[in-house]
Amino acid sequence: MSGDNDFVVVANRLPVDLTRNADGSESWTPSPGGLVAALTPVLSANEGCWVGWPGTPDASPEPFHTEDGVLLHPVSLTEADYRDFYEGFSNATLWPLYHDLIVSPVYDRSWWESYRDVNHRFALEVDKVAAEGATVWVQDYQLQLVPGILRQIRPDLTIGFFLHIPFPGPDLFRQLPWREEIVRGLLGADLLGFHLESNAANFLDLLRHVSIPVEGTARTREVQAFATGGDGRRVGVAAYPISIDPSSLGHSDEAAVAQRRGELGDPATVLLGVDRLDYTKGILQRLTAFEELLESGALDAQDVAFVQVATPSRERLEEYRRARSEVEEAVGRINGRFGAIGRPVVHYLHQALPKRELRHYYSAADVMVVTPFKDGMNLVAKEYVACHPDGSGSLVLSEFAGAAQELTQANLCNPFDSESVKAAILQAIQGLAAHPDVMAQRMSVMYEQVTTHDVDAWANAFLSSLRDARR
Ligand code: G6P
């Protein structure tokens, strides 16, 4: 079967989530996560089709066009799929395994069977919408079997795959009981993209381990490495560091910034964290580092406010519940110790803030604190930088975020070492006071990097390699 669309993106989520309201009505809201932010502009420019889950179990809305002319083609997931494929195999097996075991992955055969089944259904939906000879771009760890299934049922397609999270070293990946099937699934693609050369190198090392022929070395935006697919086809492997769409951030102005800072009690320094509430993000550790700085007197609670926006995520999973309760306990403790009536020192929101509101906080913050233990890229760090064209502000960034490879002028830190996080926060605050010109120069270098390597550049680089791969 084939459809009408020459360009199809397939991702676990559609760019919008169907939300059931208390009064029984339904509405669409933007989906969480960096992937959606990254792909929406690319698809609207190509009048493409997006195949994905509408974000609510058991919902099966009809396909429809967005205002940007993108056809959204929903794939329905049952409550059991949600539990076994999404919460189970995707987020309690693959997510912790690919993030270097920050928590222990759970290996469960029934989750794996659900993963295989759901990947199959996604591939069949792509088959319905993709025109003869279409280009299909498969996204992320939830759908690693889709390239292999499509290769079998639709050899006419050009298939790209991009992994939005890290790819672990071979010794970790080899724990996975279904490792061969995953590798075979990925090798169904014509081109495999990773964020970093090191992620791509991990994948190539893994192939060498299992005696799959590999040529060349992984490079950034250049296909210089090839793996061999099951049918002897060459599969390109390269790194394409993802980025943001600076224009999607809207605008802020002095009045909006002054209002936000006023609401925080006009402190001398505003620190900001913005993350999905995920144990990989190091939210607790950054709050604890902040607490220790208050405790030691290195920071004075009268002078600082820490705004932490934590977007709700994967809330039924035990590890996420634990991460949330630890963060919320820390917020309560820090405010209990160092706040005053009407004047908390940590301002915590467990909500998804609209981009236009986040923008004001990005602009208002003197120091953005991004401290993941492991992160594929981290688009929040890039968004913050893009909101400081005048060189104001300062970024504290974990060495273990993919973004640290590009944002080398940040105050880099090791989130496993609280002394390192504390030192980076202090360097940022003191640097702004003592050497504003140097700090502005550093921020400007990062601004240049982010705005000249935006999401369009990312997508164009990947899609141009994909076109070459099939020639
Ligand atoms: C990360 C993943 C995305 C995912 C997003 C939100 O950015 O790479 O694939 O969509 O997190 O997570 P969720 O589980 O809510 O889809």
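Since the model is a prediction, treat every value here as computed from it, not as a measurement.

A few points about the nonpolar core
Generally speaking, a soluble globular protein has its nonpolar side chains buried in company with each other.
Here's step 1: Grouped together as the largest cluster of nonpolar side chains are 95 residues, with contacts concentrated most on Phe122, Ile182, Leu192 and Phe203.
Here's step 2: Ranked by the residues each element gives to this core, the list is headed by helix H2 (residues 79-98), at 9 residues.
Here's step 3: Residues lining this core come from more than one domain, with at least three contributed by each of domain 1 (5-243 + 456-469) and domain 2 (250-452).
Here's step 4: Sequence-distant contacts of Ile182, defined by excluding residues within four places in its chain, comprise Phe89, Tyr98, Trp112, Tyr115, Gln144, Leu145, Phe173 and Leu176.

Some remarks on unusual backbone geometry
Here's step 1: A positive phi is found at Arg221, a non-glycine position, where the angle reads about 55°.
Here's step 2: With a relative accessible area of 36%, Arg221 lands in the partly exposed category.
Here's step 3: The residue Asp266 is not glycine, and still its phi comes out positive at about 50°.
Here's step 4: Position of Asp266 relative to the elements: it lies in the loop between helix H8 (254-263) and strand E13 (269-276).

Considerations on the sheet that holds strand E16 (residues 367-370)
Here's step 1: Reading across the sheet, the 6 strands line up as E15-E14-E13-E16-E17-E18 and stay open at both edges, with parallel pairing between neighbours. Sheet topology places strand E15 (346-349) and strand E18 (411-413) at the edges, where each strand pairs with a single neighbour. Each adjacent strand pair in this sheet contributes to an overall mean axis angle of 15°, direction not counted.
Here's step 2: Relative to strand E14 (residues 304-311), E13 is paired through 8 bridges, and the arrangement is parallel. Its bridge partner being in E14, Val270 is matched across the sheet by Ala305.

Observations regarding the domain arrangement of the chain
Here's step 1: Each domain of the chain was delimited in the assignment, giving domain 1 (5-243 + 456-469) and domain 2 (250-452).
Here's step 2: Relative to domain 2, the C-alpha centre of domain 1 lies at a distance of 30 Å.
Here's step 3: Each side of the interface is counted separately: domain 1 has 24 residues, and domain 2 has 22 residues.
Here's step 4: Carbon and sulfur atoms supply 63% of the area buried between domain 1 and domain 2, which totals about 1900 Å² over both sides.
Here's step 5: A per-residue breakdown of the area domain 1 buries against domain 2 is headed by Glu87, Trp95 and Ile102, which together make up 26% of the total.
Here's step 6: Between domain 1 and domain 2 we count 3 salt bridges in total.
Here's step 7: Contributing elements (two or more residues each) for the side of domain 1 that touches domain 2: helix H1 (34-46) and H2.
Here's step 8: Sorting elements by how many residues they give to the side of domain 1 that touches domain 2 places H2 first, with 8 residues.
Here's step 9: For the side of domain 1 that touches domain 2, the class distribution of residues is 14 nonpolar, 6 polar and 4 charged.

Considerations on the environment of Val118
Here's step 1: Looking at where Val118 falls in the secondary structure, it is placed in helix H3 (residues 109-129).
Here's step 2: Counting along the chain gives 199 residues from Val118 to Leu317, while the straight-line C-alpha distance between them is 20 Å.
Here's step 3: Excluding residues within four positions of it along the chain, Val118 makes contact with Leu77, Asp81 and Phe85.

What to know about the environment of Arg314
Here's step 1: Topologically, Arg314 is positioned in the loop between E14 and helix H10 (318-338).
Here's step 2: A C-alpha to C-alpha distance of 9.2 Å links Arg314 and Tyr86, two positions 228 residues apart in sequence.
Here's step 3: Looking at Arg314, its side chain comes within polar contact range of the side chain of Tyr320, at 2.9 Å.

Reading the values: the criteria
By convention here, each chain's residues receive numbers from 1 onward along its written sequence. Local features in this predicted model are restricted to residues of pLDDT 70 or higher, and side-chain atom pairs are both shown and tallied only at a pLDDT of 80 or more, whereas totals for entire chains, interfaces and linings draw on every residue. Calculation of side-chain values draws on the structure's entire complement of heavy atoms; hydrogens and water are dropped beforehand. The set of buried Ala, Val, Leu, Ile, Met, Phe, Trp, Tyr and Cys residues whose side-chain atoms join them within 4.5 Å is what this entry labels a nonpolar core. Residue burial is assigned from relative accessible area. The probe radius is 1.4 Å, only protein chains are included, and a residue is buried under 20% of its type maximum, exposed over 50%, and partly exposed in between. Starting at the N terminus, helices and strands are each numbered in turn, a helix being any DSSP run of H or I of at least four residues and a strand any DSSP run of E of at least two. Domain start and end points were adopted from an automatic or database domain assignment. Between two residues, a contact is recorded if the distance between any of their heavy atoms is within 4.5 Å. Any two strands with at least two DSSP-identified bridges between them are counted as paired. Under this scheme, a helix contributes an axis fitted over its contacting stretch, all axes are lines through C-alpha atoms, and angles between N-to-C directions fall in the 0 to 180 degree range. Computed with a 1.4 Å rolling probe, the buried area is the accessible surface lost when two parts are put together, summed over both parts. The rule for a salt bridge is simple: a side-chain nitrogen of Lys or Arg has to be within 4 Å of a carboxyl oxygen of Asp or Glu. Each residue gets one of three labels, nonpolar for Ala, Val, Leu, Ile, Met, Phe, Trp, Tyr, Cys and Pro, charged for Asp, Glu, Lys and Arg, and polar for the others, Gly among them. Throughout this description, a polar contact denotes any pair of N or O atoms lying within 3.5 Å of each other; where both atoms belong to protein, one of them has to be capable of donating a hydrogen while the other can accept it, and for residues adjacent in sequence the pair is counted only when both atoms sit in side chains.

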